[in-house]
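Inside the fold
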Amino acid sequence: MKYQSQAVAKPYFIAAIGLFIGQILFGLIMGLQYLWGDFLFPAIPFNVARMVHTNLLIVWLLFGFMGAAYYMIPEEAERELYSPKLAKLMFWVFLVAGALTVVSYLAVPYATLAKWSGNGLVATMGREFLEQPLYTKVGIVVVALVFLFNISMTLLAGRKTSISLVMILGLWGLAVFFLFSFYNPNNLVKDKYYWWWVVHLWVEGVWELILGAMLAFVLVKITGVDREVIEKWLYVIIAMTLITGIIGTGHHYFWIGTPAYWQWWGSIFSALEPIPFFMMTVFAFNMVNRRRREHPNKAATLWALGTGVMSFLGAGVWGFLHTLAPVNYYTHGSQITAAHGHMAFYGAYVMVVITMISYAMPLLRGREANSNRAQVLEMWSFWLMTIAMVFITLFLTAAGILQVWLQRISATPMSFMDTQDQLRLFYWLREFSGVIFAVGLVLYVISFFIKERKTANA
Amino acid sequence: MTTLTLQATPQKSIPGDLAMWFFILAELLVFGVLFICYGITRFADPALFNAGQTHLHAGQAAWNTLFLITGSGTAVLAAHAIARLQYRQGSIFLVATFASGVLFVVNKLMEFASYLGQGYTLSTDNFWMFYLFLTFFHFLHVILGMVIIAAVWIKLQQGHYRNGQTAGVETATSYWHMVDLVWIVLFPLVYLIR
Amino acid sequence: MSGSFTKATARNIFYGGAAFFFLLFLALTFDSQQALPKRDNSQNLTPQVIRGKYLWETNDCIGCHTLLGEGAYFAPELGNVYKRRGPDFIKAWIKAQPTGTPGRRQMPNFHFNDQELDDLVQFFKYTNGINTNNWPPNIQG
């Protein structure tokens, strides 16, 4: 850690991990509800559990991105953060707002929450991933703007590297496209059309800039490879990301009332979307192989490589699997979608945030890397979580293929619920994998508390 | 005439910047996939495509072919001139390339206006969807090519290419050739082949 | 490998490519907006349908169901439920929840009055009339 103010990243990272635990907990609850439909009913209906699961994911990733920016930008700009106080204040605002939102999801019926929170004035709630009440959405915008102001001022006054420019561009894009969450036309087709401007242009657009910048930053630090080389690759990768990903939005416009030509443009451009992810994998391995130093933080290197591989598998391969319109006609809105969503989010965004935490947290705690024992445990957690996620994805894919077959392709199509009964075996296996994932997460948390053995130094 | 072996690059290497070549390959890949999709769809319903093609203004499009090829030629001449340190000449050839782009754009806009005026849109049928998307997609590439040529021209005025440092000019020229090449495939594919 | 692979060119391709494709996306969006009225069933967007959409949203139905294939995958697709079940079944079903059958997935009771139930049904009818390029493949959704 080169600048005092980078320390504000620490609470952001801690909050991210805390909310991650909550997310997984609710994931396990939902997994059980797939098996015992009345589990925790009516206390926590499935839709509430799902809302908490997905919203926690978004919020903790945002915590991770903000923490990463607060850590990276001063170091890249070579000056202290414009206002550490503002960063600390926004941390508490965001944490309290996030916690209040989750508590209100759990404490009152959603319709009541909508009524209280003024959804009648500006109706924005009740759309997938954008379930937050109005005040939370406004809060997100305020926190994002103050945060962007803070890091932009830092950057303007300091050294402007490509990595920090890409990072800031991604974060500004994140804030700008979130504004579409306030646009909720009565026309369902338009509603869905612009809903994707938040969801798709986030995860397959501007978030990938953030992902690329974070990965590039860590690779510069742990490999010691010339910054010029890494930044060059960063630009090429994110150029390909946007070239394929923007028109690739069309793969969501196949069956929602939009013109049929999107089946062509969506299929063609999203079929190319794996290319930037593949380049990212090659890039990560290439840089680590060409390393000019042996960084003592092996765990961070492992997470960085893992991000490359798993984002390619989850977002690239599993995305391609069902992105062509003739395939998607059968797989749209099935467990295959869920399979892709899980591995893509884990492989790309969860892993890159953990990569950053893994690299920065030891430095924030005053050492270059954690003790060997702590790193070994962290690597165990890497393998447990990653392999568990691969299995979750495989089981959901199997469930999805069977579902599509029974419900949509067979000559005598089964009803949705009858089909679900046939998938129970895969849902059991998925839940079992989820428990393994949770064990991995627990080990990950424990790895932060492992102290170096005094005698080991002797 | 169109050879790209310039005296300023004696070592055996591709002209221009490698990053641009990645980009050009990616572009050719996209156009290639689009052309294949066009071919498959045409194969499935040749009657529809033949009928649609009779409404196209092939003569007008032939002029556009001429404009783009002329632009390619002057772009090469510009690169040669700049490599020979004849900056004034290079500047004129760059302007000529840009002007050929303007001619293409104006001509193409008139053609688009005519089709849209007749009520054809992307949603008319498969032929018009492909025709309008492919040619509009290419049209935007021509505009991008003009932006790049203009950027090189400005840099030339600012004296960026002294002592035969022509990588930037070669990069721009390569891109223009790519746009030209795509049109040379696109033109017969959608206007002529029945 | 050519010695010439500069960061400046890579950067320019990024900015140029991003702007280029975003403009193309805007152009396609413009065309889509023009084409929508023929497909999106907006002529049937009555005040009742709009109220129904509001109920759909404020009860977080998307948290279990899919609508035109988007949402959660825990409960049946409702984009075509109007065709699959008909208005009377839909109303009776919503009123009868939760079933309380042990071990089965449960849908909460949302305490809708008769007018609200009609609003929801009209929303499903409107949704069912959207031209989805023949999705879903069959009536089961």
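Once that is clear, we can look at the overall build of chain C. Tallying secondary structure elements over chain C gives 5 helices and 2 strands in all. Each helix and strand of chain C, ordered N terminal to C terminal, gives the series α-α-β-β-α-α-α. At 22 Å, chain C has a C-alpha radius of gyration far larger than the 14 Å of a compact globule built from 141 residues. For chain C, the residues scored as buried account for 48% of the 141 residues in total. Relative to all contacts within chain C whose residues are 6 or more apart in sequence, the contacts with residues 24 or more apart total 66%.

Time to look at the overall build of chain B. For chain B, the helix and strand inventory stands at 6 helices and 0 strands. Listing the helices and strands of chain B from first to last along the sequence gives α-α-α-α-α-α. The dimensions of chain B, computed from C-alpha atoms along their principal axes, are 55 × 30 × 25 Å. Here chain B holds 194 residues, and the buried ones make up 39% of them. A separation of at least 24 residues holds for 80% of the contacts in chain B among residues at least 6 apart in sequence.

Another aspect to go through is the interface of chain A and chain B. Counting residues at the interface gives 8 residues for chain A, matched by 10 residues for chain B. Listed by contribution, the elements that provide at least two residues to the side of chain A that touches chain B are helix H8 (227-248) and helix H9 (262-271) of chain A. Per element, the largest residue contribution to the side of chain A that touches chain B is 3 residues, and it comes from H8(A).

Next up on the list: the confidence of the model for chain C. Scored by pLDDT, chain C comes out at a mean of 95, with 98% of its residues at no less than 70. What the predictor reports for the complex is a pTM of 0.94 with an ipTM of 0.96.

So, about the interface of chain C and chain A. Listed as interface residues are 59 residues of chain C and, on the opposing side, 61 residues of chain A. At the level of secondary structure, the elements contributing two or more residues to the side of chain C that touches chain A comprise helix H1 (7-35), helix H2 (47-58) and strand E2 (70-71) of chain C. Among the elements that line the side of chain C that touches chain A, the one with the most residues is H1(C), at 14 residues. Class assignment for the residues of the side of chain C that touches chain A results in 30 nonpolar, 18 polar and 11 charged.

Let's shift gears to the packing of helix H7 (residues 188-223) of chain A against H8(A). Residue and element names in this part refer to chain A. Between H7 and H8, whose axes approach to 9 Å, the crossing angle comes to 165°. With respect to each other, H7 and H8 are oriented roughly antiparallel. As H7 runs across H8, the sense of the crossing is right-handed. Here H7 contributes Glu204, Gly205, Glu208, Leu209, Gly212, Ala213, Ala216, Leu219 and Val220 to the contact with H8, which in turn contributes Arg227, Ile230, Glu231, Leu234, Ile237, Ile238, Thr241, Leu242, Gly245, Ile246 and Gly248. Considered class by class, the residues forming the contact of H7 with H8 number 11 nonpolar, 5 polar and 4 charged.

Let us look at the packing of H7(A) against helix H10 (residues 274-289) of chain A. Residue and element names in this part refer to chain A. Contact geometry of H7 with H10 gives a least axis separation of 9 Å together with a crossing angle of 15°. As judged from the angle between their axes, H7 and H10 are roughly parallel. As for how H7 packs across H10, the hand of that crossing is right-handed. Note on element contacts: H10 touches H7 through Ala284, Met287 and Val288, opposite Leu215, Leu219 and Thr223. Residue composition of the contact of H7 with H10, grouped by class: 5 nonpolar, 1 polar and no charged.

What follows is about unusual backbone geometry. Cis geometry is found at the peptide bond from C:Gln97 to C:Pro98, where omega equals -10°. With respect to the helices and strands, the residue C:Pro98 is situated in the loop between helix H4 (87-96) and helix H5 (114-128). Of note, the bond from C:Trp135 into C:Pro136 is cis; its omega dihedral lies within 30 degrees of zero at -5°. With respect to the secondary-structure elements, C:Pro136 resides in the segment after H5. Of note in this structure, A:Glu78 is not a glycine but carries a positive phi near 60°. Following the sequence through the fold, A:Glu78 ends up in the loop between helix H2 (46-77) and helix H3 (84-107).

A common way to state how big an interface is: give the accessible area lost once the parts meet. Segmentation of chain C into domains returns domain 1 (7-36) and domain 2 (40-128). Computed from C-alpha atoms alone, the centre-to-centre distance between domain 1 of chain C and domain 2 of chain C is 37 Å.

Our next topic: helix H1 (residues 18-44) of chain B. Since there are 3.6 residues in each turn of an α-helix, residues three or four apart along the chain are aligned in direction. Taking 1.5 Å of rise per residue, the 27 residues of H1(B) would be expected to cover 39 Å, and the 39 Å separating its terminal C-alpha atoms lies within 8% of that figure. Every buried residue belonging to H1(B) is among B:Leu18, B:Ala19, B:Met20, B:Trp21, B:Phe23, B:Phe31, B:Leu34, B:Tyr38 and B:Arg42, and all of these are buried. Packed against the buried residues of H1(B) are H8 and H9 of chain A, helix H2 (46-53), helix H5 (126-157) and helix H6 (167-192) of chain B together with H1 of chain C.

What follows covers the confidence of the model for chain B. Parts of the prediction with low pLDDT should not have their coordinates interpreted in detail. Confidence in the prediction for chain B averages 90 pLDDT; 93% of positions are at 70 or higher. Predicted confidence in chain B is weakest over H1(B), with a mean pLDDT of 91, and strongest over helix H4 (residues 87-117) of chain B, with 96.

Another aspect to go through is the environment of C:Ala92. Residue and element names in this part refer to chain C. Mapping Ala92 onto the fold places it in helix H4. In this structure Ala92 comes out as exposed when scored by C-beta crowding, with 11 C-beta atoms within 10 Å. Along the primary structure Ala92 and Leu117 are separated by 25 residues, whereas in three dimensions their C-alpha atoms are 9.3 Å apart.

Let us now look at the environment of C:Pro102. Residues and elements named next belong to chain C. Along the chain, Pro102 turns up in the loop between H4 and H5. Here Pro102 falls in the exposed class, since 8 other C-beta atoms lie within 10 Å of it. C-alpha separation for the pair Pro102 and Pro87, spaced 15 residues apart in sequence, amounts to 27 Å.

Residues and elements named next belong to chain A. Taking 1.5 Å of rise per residue, 32 residues should cover 46 Å, and H2 covers 46 Å from first to last C-alpha, within 8% of that figure. Most of H2 sits inside the fold, with 31 of its 32 residues counted as buried. The positive-phi residue at the C-terminal boundary of H2 is Glu78, with phi of around 60°.

What counts, and at which threshold
- Residues numbered from 1 in each chain as written.
- Chains lettered and ligands numbered in written order.
- Predicted model: local features only at pLDDT ≥ 70, side-chain atom pairs only at ≥ 80, totals over all residues.
- Helix = DSSP H or I, 4+ residues; strand = E, 2+ residues; numbered from the N terminus.
- Rg over C-alpha atoms; globule rule 2.2 N^0.38 Å.
- Buried ≥ 20, exposed ≤ 12 C-beta atoms within 10 Å, placed from the backbone.
- Contact = placed C-beta atoms within 7 Å.
- pLDDT = per-residue confidence, 0-100.
- Nonpolar A, V, L, I, M, F, W, Y, C, P; charged D, E, K, R; others polar.
- Axes fitted to C-alpha atoms, helices over the stretch in contact; angles between N-to-C directions.
- Parallel < 35°, antiparallel > 145°, perpendicular 65-115°, else oblique.
- Left-handed = near helix turned anticlockwise from the far one by under 90°.
- Domains from an automatic or database assignment.
- Expected span 1.5 Å × (residues − 1).

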